[in-house]
2 protein chains.
Amino acid sequence: MEIIIDIEGSVPLFAQLIEQIKQAVLNDKIMANDPLPSIRQLANDLDLNNKTVAKAYRLLERDEVIQTKGYRGTFIHPNAKVNSSVDLNALVLTKLNKTIDTLRKEGVTDSEIRIAFSDVMNNRIS
Amino acid sequence: MEIIIDIEGSVPLFAQLIEQIKQAVLNDKIMANDPLPSIRQLANDLDLNNKTVAKAYRLLERDEVIQTKGYRGTFIHPNAKVNSSVDLNALVLTKLNKTIDTLRKEGVTDSEIRIAFSDVMNNRIS
DNA sequence: TATTGTACCATTTGATGTAAGGGTACAATA
DNA sequence: TATTGTACCCTTACATCAAATGGTACAATA
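Heads up: these notes are all about the structure in this document.

About the cut-offs
Throughout this description, residue numbers start from 1 for each chain and increase along the sequence as written. The lettering of chains begins at A and the numbering of ligands begins at 1, in the order of writing. The model is predicted, so local features are restricted to residues of pLDDT at least 70 and side-chain atom pairs to those at 80 or more, both for listing and for counting; the totals for chains, interfaces and linings are taken over all residues. Values shown for side chains rest on all heavy atoms present in the structure; no hydrogens or waters enter the calculation. Nearness of a residue to a molecule or strand requires only that one of the residue's heavy atoms be within 4 Å of it. In protein, a polar contact requires one atom able to donate a hydrogen and another able to accept it; more generally it is a pair of N or O atoms within 3.5 Å, and residues adjacent in sequence count only if both atoms are side-chain atoms. Every helix listed is a DSSP run of H or I at least four residues long, and every strand listed is a run of E at least two residues long, numbered separately from the N terminus. A pair of strands is labelled paired if DSSP reports no fewer than 2 bridges between them. Just to be clear on terms, a salt bridge is a Lys or Arg side-chain nitrogen sitting within 4 Å of an Asp or Glu carboxyl oxygen. Categorising residues by exposure relies on relative accessible area from a 1.4 Å probe, with only protein chains included: less than 20% of the type maximum marks a residue as buried, more than 50% marks it as exposed, and the intermediate range marks it as partly exposed. The copies were overlaid by least squares, fitting only the C-alpha atoms of residues that reach a pLDDT of 70 or more in each copy. Two residues qualify as a contact provided that any one of their heavy atoms is within 4.5 Å of a heavy atom in the partner residue. Buried surface area refers to the total accessible area, computed with a probe of radius 1.4 Å, that the two partners give up upon joining, counted for both partners together. Lys, Arg, Asp and Glu make up the charged group, whereas Ala, Val, Leu, Ile, Met, Phe, Trp, Tyr, Cys and Pro make up the nonpolar group; the residues left over, Gly among them, are polar.

## Quick notes on the protein's contact with DNA strand C
- Close contacts around DNA strand C come from 23 residues, with Leu13(A), Asn49(A), Lys51(A), Thr52(A) and Tyr71(A) the closest.
- When atoms of DNA strand C within 4 Å of the protein are split into backbone and base, the sugar-phosphate part holds 72%.
- For DNA strand C, a phosphate oxygen lies 3.1 Å from a polar atom in the side chain of Thr68(B).
- Within the backbone of Tyr71(B), an N or O atom sits 3.3 Å from a sugar or linking oxygen of DNA strand C.
- Listing elements by their share of the surface near DNA strand C, those giving two or more residues are helix H1 (13–26) and helix H3 (50–62) of chain A together with helix H2 (39–46), helix H3 (50–62) and helix H6 (110–121) of chain B.

Here it is as C-alpha coordinates:
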(Lines give C-alpha, C1' and ligand atoms only; values in the text may rest on other atoms or scores of the structure.)
Protein backbone atom coordinates (compact mmCIF):
# COMPACT_ATOMS: atom_id res chain seq x y z
CA MET A 1 0.00 0.00 0.00
CA GLU A 2 1.44 3.27 -1.15
CA ILE A 3 0.41 6.62 0.12
CA ILE A 4 1.46 9.78 -1.60
CA ILE A 5 0.97 13.09 0.11
CA ASP A 6 1.04 16.33 -1.84
CA ILE A 7 2.37 19.02 0.44
CA GLU A 8 1.85 21.77 -2.12
CA GLY A 9 -1.78 21.15 -3.00
CA SER A 10 -4.70 22.88 -1.37
CA VAL A 11 -6.24 19.66 -0.13
CA PRO A 12 -5.57 19.30 3.61
CA LEU A 13 -3.04 16.63 4.48
CA PHE A 14 -5.37 14.70 6.78
CA ALA A 15 -8.00 14.70 4.03
CA GLN A 16 -5.55 13.29 1.50
CA LEU A 17 -4.68 10.56 3.94
CA ILE A 18 -8.32 9.66 4.53
CA GLU A 19 -9.05 9.62 0.83
CA GLN A 20 -6.15 7.36 -0.02
CA ILE A 21 -6.90 4.85 2.72
CA LYS A 22 -10.52 4.66 1.59
CA GLN A 23 -9.40 4.15 -1.98
CA ALA A 24 -7.02 1.42 -0.93
CA VAL A 25 -9.89 -0.34 0.79
CA LEU A 26 -12.18 0.01 -2.19
CA ASN A 27 -9.51 -1.33 -4.52
CA ASP A 28 -8.79 -4.34 -2.30
CA LYS A 29 -5.27 -3.18 -1.65
CA ILE A 30 -5.98 -3.59 2.02
CA MET A 31 -8.54 -6.07 3.33
CA ALA A 32 -10.75 -6.27 6.37
CA ASN A 33 -8.86 -6.90 9.61
CA ASP A 34 -5.53 -6.02 8.05
CA PRO A 35 -3.30 -4.12 10.45
CA LEU A 36 -2.44 -0.50 9.74
CA PRO A 37 0.79 1.23 10.69
CA SER A 38 0.69 2.97 14.03
CA ILE A 39 0.02 6.69 14.11
CA ARG A 40 3.59 7.50 14.99
CA GLN A 41 4.95 5.10 12.41
CA LEU A 42 2.86 6.44 9.56
CA ALA A 43 3.56 10.01 10.57
CA ASN A 44 7.24 9.23 10.43
CA ASP A 45 7.03 7.44 7.07
CA LEU A 46 5.06 10.23 5.42
CA ASP A 47 6.94 12.97 7.21
CA LEU A 48 3.77 14.25 8.80
CA ASN A 49 3.03 15.34 12.32
CA ASN A 50 1.52 12.78 14.68
CA LYS A 51 -1.54 14.97 15.12
CA THR A 52 -2.25 15.06 11.44
CA VAL A 53 -2.27 11.28 11.15
CA ALA A 54 -4.19 10.94 14.43
CA LYS A 55 -6.86 13.24 13.03
CA ALA A 56 -7.24 11.14 9.90
CA TYR A 57 -7.43 7.95 11.96
CA ARG A 58 -10.00 9.48 14.30
CA LEU A 59 -12.29 10.35 11.41
CA LEU A 60 -11.74 7.02 9.69
CA GLU A 61 -12.70 5.25 12.87
CA ARG A 62 -15.84 7.33 13.25
CA ASP A 63 -16.83 6.26 9.76
CA GLU A 64 -16.02 2.67 10.66
CA VAL A 65 -13.41 2.29 7.97
CA ILE A 66 -10.78 1.42 10.54
CA GLN A 67 -10.89 0.12 14.07
CA THR A 68 -8.50 1.09 16.83
CA LYS A 69 -7.81 -1.47 19.53
CA GLY A 70 -5.86 0.62 21.98
CA TYR A 71 -2.35 -0.61 22.57
CA ARG A 72 -2.92 -3.46 20.14
CA GLY A 73 -2.91 -1.15 17.17
CA THR A 74 -5.24 -0.16 14.38
CA PHE A 75 -6.98 -2.44 11.89
CA ILE A 76 -9.21 -2.24 8.88
CA HIS A 77 -12.84 -2.46 9.97
CA PRO A 78 -14.78 -5.61 8.95
CA ASN A 79 -17.26 -3.40 7.13
CA ALA A 80 -14.63 -1.09 5.71
CA LYS A 81 -15.49 -1.65 2.11
CA VAL A 82 -19.13 -0.72 2.48
CA ASN A 83 -18.37 2.20 4.73
CA SER A 84 -15.69 3.56 2.44
CA SER A 85 -18.20 4.09 -0.29
CA VAL A 86 -20.53 6.06 1.96
CA ASP A 87 -19.88 9.72 1.39
CA LEU A 88 -20.88 11.23 4.70
CA ASN A 89 -19.87 14.61 3.38
CA ALA A 90 -22.40 14.45 0.58
CA LEU A 91 -25.15 13.74 3.08
CA VAL A 92 -24.12 16.73 5.14
CA LEU A 93 -24.06 18.94 2.07
CA THR A 94 -27.52 17.82 1.03
CA LYS A 95 -29.09 18.43 4.41
CA LEU A 96 -27.47 21.80 4.92
CA ASN A 97 -28.28 22.87 1.39
CA LYS A 98 -31.93 22.09 1.89
CA THR A 99 -32.18 24.14 5.05
CA ILE A 100 -30.26 27.09 3.67
CA ASP A 101 -32.27 27.04 0.48
CA THR A 102 -35.44 27.38 2.48
CA LEU A 103 -34.08 30.29 4.47
CA ARG A 104 -32.88 32.11 1.38
CA LYS A 105 -36.25 31.74 -0.26
CA GLU A 106 -37.81 33.36 2.78
CA GLY A 107 -35.69 36.42 2.11
CA VAL A 108 -33.12 35.86 4.83
CA THR A 109 -29.80 37.36 3.80
CA ASP A 110 -26.66 35.30 3.63
CA SER A 111 -25.15 37.51 6.26
CA GLU A 112 -27.98 36.77 8.66
CA ILE A 113 -27.72 33.08 7.93
CA ARG A 114 -24.01 33.15 8.66
CA ILE A 115 -24.51 34.92 11.97
CA ALA A 116 -27.25 32.52 13.01
CA PHE A 117 -25.07 29.60 11.97
CA SER A 118 -22.24 30.90 14.08
CA ASP A 119 -24.59 31.30 17.04
CA VAL A 120 -25.81 27.74 16.72
CA MET A 121 -22.35 26.27 16.34
CA ASN A 122 -21.12 28.10 19.41
CA ASN A 123 -24.18 27.22 21.46
CA ARG A 124 -25.03 30.88 21.80
CA ILE A 125 -28.72 30.24 21.33
CA SER A 126 -30.80 32.51 23.53
CA MET B 1 -39.03 59.55 18.39
CA GLU B 2 -35.61 59.34 19.91
CA ILE B 3 -32.90 57.06 18.75
CA ILE B 4 -29.81 56.49 20.80
CA ILE B 5 -26.86 54.74 19.25
CA ASP B 6 -24.14 53.24 21.38
CA ILE B 7 -20.89 53.44 19.48
CA GLU B 8 -18.93 51.57 22.13
CA GLY B 9 -21.16 48.53 22.54
CA SER B 10 -20.68 45.30 20.65
CA VAL B 11 -24.10 45.43 19.00
CA PRO B 12 -23.71 46.50 15.37
CA LEU B 13 -24.93 50.00 14.63
CA PHE B 14 -27.40 48.95 11.94
CA ALA B 15 -28.82 46.36 14.34
CA GLN B 16 -29.33 48.94 17.05
CA LEU B 17 -31.14 51.12 14.57
CA ILE B 18 -33.43 48.32 13.47
CA GLU B 19 -34.18 47.35 17.04
CA GLN B 20 -35.08 50.86 18.10
CA ILE B 21 -37.34 51.50 15.14
CA LYS B 22 -39.16 48.25 15.77
CA GLN B 23 -39.55 49.17 19.44
CA ALA B 24 -40.88 52.60 18.52
CA VAL B 25 -43.49 50.91 16.33
CA LEU B 26 -44.45 48.44 19.02
CA ASN B 27 -44.80 51.23 21.59
CA ASP B 28 -46.94 53.36 19.30
CA LYS B 29 -44.34 56.07 19.18
CA ILE B 30 -44.59 55.92 15.41
CA MET B 31 -47.74 54.84 13.64
CA ALA B 32 -48.53 53.22 10.32
CA ASN B 33 -47.93 55.48 7.34
CA ASP B 34 -45.90 57.96 9.36
CA PRO B 35 -42.96 59.33 7.40
CA LEU B 36 -39.43 58.46 8.43
CA PRO B 37 -36.40 60.69 8.00
CA SER B 38 -34.50 60.14 4.79
CA ILE B 39 -31.43 57.93 4.87
CA ARG B 40 -29.09 60.85 4.51
CA GLN B 41 -30.95 62.90 7.09
CA LEU B 42 -30.95 60.17 9.71
CA ALA B 43 -27.34 59.32 9.04
CA ASN B 44 -26.48 62.94 9.61
CA ASP B 45 -28.53 63.24 12.80
CA LEU B 46 -27.07 60.11 14.35
CA ASP B 47 -23.62 60.75 12.98
CA LEU B 48 -23.63 57.49 11.07
CA ASN B 49 -22.57 56.65 7.58
CA ASN B 50 -25.24 56.67 4.88
CA LYS B 51 -24.57 53.03 4.15
CA THR B 52 -25.20 52.00 7.72
CA VAL B 53 -28.63 53.60 7.77
CA ALA B 54 -29.38 52.32 4.28
CA LYS B 55 -28.62 48.81 5.45
CA ALA B 56 -31.02 49.10 8.37
CA TYR B 57 -33.74 50.49 6.11
CA ARG B 58 -33.19 47.74 3.56
CA LEU B 59 -33.70 45.05 6.17
CA LEU B 60 -36.66 46.84 7.73
CA GLU B 61 -38.30 47.02 4.36
CA ARG B 62 -37.70 43.35 3.71
CA ASP B 63 -39.48 42.61 6.96
CA GLU B 64 -42.26 44.98 5.97
CA VAL B 65 -41.79 47.25 8.94
CA ILE B 66 -41.19 50.21 6.68
CA GLN B 67 -41.99 51.00 3.09
CA THR B 68 -39.81 52.96 0.72
CA LYS B 69 -41.49 54.93 -2.00
CA GLY B 70 -38.52 55.99 -4.03
CA TYR B 71 -38.09 59.71 -4.27
CA ARG B 72 -41.14 60.25 -2.10
CA GLY B 73 -39.38 58.98 0.97
CA THR B 74 -39.82 56.21 3.49
CA PHE B 75 -42.88 55.42 5.59
CA ILE B 76 -43.99 53.06 8.29
CA HIS B 77 -45.61 50.01 6.75
CA PRO B 78 -49.35 49.56 7.29
CA ASN B 79 -48.64 46.20 8.90
CA ALA B 80 -45.61 47.42 10.79
CA LYS B 81 -46.88 46.57 14.24
CA VAL B 82 -47.56 42.95 13.45
CA ASN B 83 -44.35 42.56 11.50
CA SER B 84 -42.24 44.19 14.20
CA SER B 85 -43.13 41.47 16.62
CA VAL B 86 -42.08 38.74 14.23
CA ASP B 87 -38.56 37.73 15.10
CA LEU B 88 -37.26 36.43 11.80
CA ASN B 89 -33.94 35.79 13.42
CA ALA B 90 -35.44 33.39 15.93
CA LEU B 91 -37.00 31.42 13.11
CA VAL B 92 -33.66 31.19 11.37
CA LEU B 93 -31.98 30.05 14.54
CA THR B 94 -34.56 27.37 15.13
CA LYS B 95 -34.34 25.92 11.64
CA LEU B 96 -30.57 25.95 11.53
CA ASN B 97 -30.35 24.50 15.01
CA LYS B 98 -32.56 21.62 14.07
CA THR B 99 -30.48 20.70 11.05
CA ILE B 100 -27.16 21.03 12.84
CA ASP B 101 -28.42 19.04 15.78
CA THR B 102 -29.26 16.19 13.46
CA LEU B 103 -25.86 16.26 11.84
CA ARG B 104 -24.05 16.33 15.17
CA LYS B 105 -26.01 13.35 16.41
CA GLU B 106 -24.87 11.46 13.33
CA GLY B 107 -21.30 12.01 14.47
CA VAL B 108 -20.41 14.73 12.00
CA THR B 109 -17.75 16.96 13.50
CA ASP B 110 -18.29 20.68 13.86
CA SER B 111 -15.37 21.26 11.57
CA GLU B 112 -16.97 19.22 8.83
CA ILE B 113 -20.26 21.00 9.31
CA ARG B 114 -18.53 24.35 9.00
CA ILE B 115 -16.78 23.34 5.80
CA ALA B 116 -19.99 22.01 4.29
CA PHE B 117 -21.79 25.16 5.35
CA SER B 118 -19.16 27.26 3.66
CA ASP B 119 -19.50 25.19 0.49
CA VAL B 120 -23.24 25.64 0.43
CA MET B 121 -23.11 29.37 1.08
CA ASN B 122 -20.60 29.87 -1.69
CA ASN B 123 -22.47 27.65 -4.13
CA ARG B 124 -19.56 25.27 -4.33
CA ILE B 125 -21.81 22.26 -4.34
CA SER B 126 -20.54 19.63 -6.73
C1' DT C 1 -31.81 71.97 -8.96
C1' DA C 2 -31.95 69.57 -4.74
C1' DT C 3 -33.59 65.35 -2.71
C1' DT C 4 -35.26 60.47 -2.78
C1' DG C 5 -33.69 55.45 -2.53
C1' DT C 6 -30.48 52.68 -4.67
C1' DA C 7 -26.43 50.45 -6.93
C1' DC C 8 -22.00 50.05 -7.89
C1' DC C 9 -16.74 50.63 -7.00
C1' DA C 10 -13.54 50.32 -3.10
C1' DT C 11 -11.01 50.00 1.78
C1' DT C 12 -9.81 48.96 6.79
C1' DT C 13 -10.51 46.64 11.13
C1' DG C 14 -11.52 42.94 13.93
C1' DA C 15 -13.25 38.41 14.85
C1' DT C 16 -13.29 33.60 13.97
C1' DG C 17 -11.98 29.11 12.46
C1' DT C 18 -8.99 25.71 9.97
C1' DA C 19 -4.77 23.26 9.34
C1' DA C 20 -0.69 22.03 10.95
C1' DG C 21 2.84 21.57 14.08
C1' DG C 22 5.15 21.10 18.92
C1' DG C 23 5.17 19.38 23.56
C1' DT C 24 3.85 16.54 27.54
C1' DA C 25 1.48 12.94 29.72
C1' DC C 26 -1.56 8.96 30.57
C1' DA C 27 -3.19 3.76 31.10
C1' DA C 28 -2.74 -0.58 29.02
C1' DT C 29 0.13 -3.87 27.42
C1' DA C 30 3.64 -7.26 25.25
C1' DT D 1 10.67 -0.61 28.94
C1' DA D 2 9.01 0.53 24.56
C1' DT D 3 4.76 1.04 22.02
C1' DT D 4 -0.30 1.71 21.49
C1' DG D 5 -4.09 5.33 20.97
C1' DT D 6 -5.44 9.32 23.16
C1' DA D 7 -5.97 13.76 25.62
C1' DC D 8 -4.52 17.87 27.00
C1' DC D 9 -1.64 22.35 26.70
C1' DC D 10 -0.07 25.94 23.21
C1' DT D 11 1.51 28.52 18.74
C1' DT D 12 1.72 29.98 13.83
C1' DA D 13 -0.07 30.95 9.28
C1' DC D 14 -3.79 31.59 6.49
C1' DA D 15 -8.48 32.36 4.88
C1' DT D 16 -13.06 34.14 5.27
C1' DC D 17 -16.39 37.31 6.58
C1' DA D 18 -18.87 41.12 9.15
C1' DA D 19 -19.15 45.88 9.94
C1' DA D 20 -18.36 50.31 8.81
C1' DT D 21 -16.78 53.82 5.92
C1' DG D 22 -15.89 56.48 1.50
C1' DG D 23 -16.89 57.85 -3.20
C1' DT D 24 -19.54 58.15 -7.48
C1' DA D 25 -23.57 57.82 -10.11
C1' DC D 26 -28.36 56.95 -11.53
C1' DA D 27 -33.65 57.86 -12.56
C1' DA D 28 -37.57 59.97 -10.67
C1' DT D 29 -39.52 63.98 -8.97
C1' DA D 30 -41.20 68.24 -6.47
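## Quick look at the protein's contact with DNA strand D
- Taken together, 23 residues form the shell around DNA strand D, and within it Leu13(B), Asn49(B), Lys51(B), Thr52(B) and Tyr71(B) come nearest.
- Backbone atoms, meaning sugar and phosphate, form 72% of the atoms of DNA strand D found within 4 Å of the protein.
- Between a phosphate oxygen of DNA strand D and a main-chain N or O atom of Ile39(A), the distance comes to 3.1 Å.
- Counting only elements with at least two residues in the surface near DNA strand D, the list comes to helix H2 (39–46), H3 and helix H6 (110–121) of chain A together with helix H1 (13–26) and H3 of chain B.

## Digging into the sheet that holds strand E2 (residues 66–68) of chain A
All names here are of chain A.
- Taken in spatial order, the three strands line up as E1-E3-E2 in an open sheet, and their pairing is antiparallel. Edge positions in the sheet fall to strand E1 (35–36) and E2, since each has one partner strand and no second.
- Two strands pair when backbone bridges link them, and E1 and strand E3 (residues 74–76) are joined in this way by two bridges, in the antiparallel orientation. Paired with leucine 36 across the two strands is threonine 74, which belongs to E3.

## Some points on the pattern of salt bridges
- In this structure the tally under the stated criterion is 14 salt bridges over all chains.
- For the salt bridge of Asp63(A) with Lys22(A), the shortest nitrogen-to-oxygen distance reads 4.0 Å. Of this pair, Asp63(A) sits in the loop between H3 and E2 while Lys22(A) sits in helix H1, and the two are 41 residues apart along the sequence. Both residues of the pair, Asp63(A) and Lys22(A), count as buried.
- In this structure, Asp110(B) and Arg104(B) form a salt bridge, with 3.0 Å as the shortest nitrogen-oxygen distance.
- Among the charged side chains, a network of salt bridges with common partners joins Lys22(A), Arg62(A), Asp63(A) and Glu112(B).

## A closer look at the relation of the copies chain A and chain B
- Superposing chain A onto chain B takes a rotation of 179° combined with a translation of 0.0 Å along the rotation axis, leaving an RMSD of 0.1 Å. What the rotation and shift describe, once combined, is the action of a two-fold rotation axis. Within chain A, the C-alpha atom positioned nearest to the axis of rotation is that of Thr99(A), 3.6 Å from it.
- An overlap of 100% is found between the interface residues of chain A and their copies at the interface of chain B, pointing to a shared contact surface.

## Quick notes on the interface of chain A and chain B
- Contacts between the two partners involve 29 residues from chain A, matched on the other side by 29 residues from chain B.
- Around 3100 Å² of area is buried between chain A and chain B when both sides are counted, 68% of it from carbon and sulfur atoms.
- Between chain A and chain B we count four salt bridges in total.
- Across the contact surface, chain A and chain B share nine residue pairs in polar contact (both at pLDDT 80 or more).
- Residue assignment for the side of chain A that touches chain B shows that the elements contributing at least two residues are H3, helix H5 (88–105) and H6 of chain A.
- The greatest single-element share of the side of chain A that touches chain B, amounting to 11 residues, is contributed by H5(A).
- For the side of chain A that touches chain B, the residue count by class is 14 nonpolar, seven polar and eight charged.

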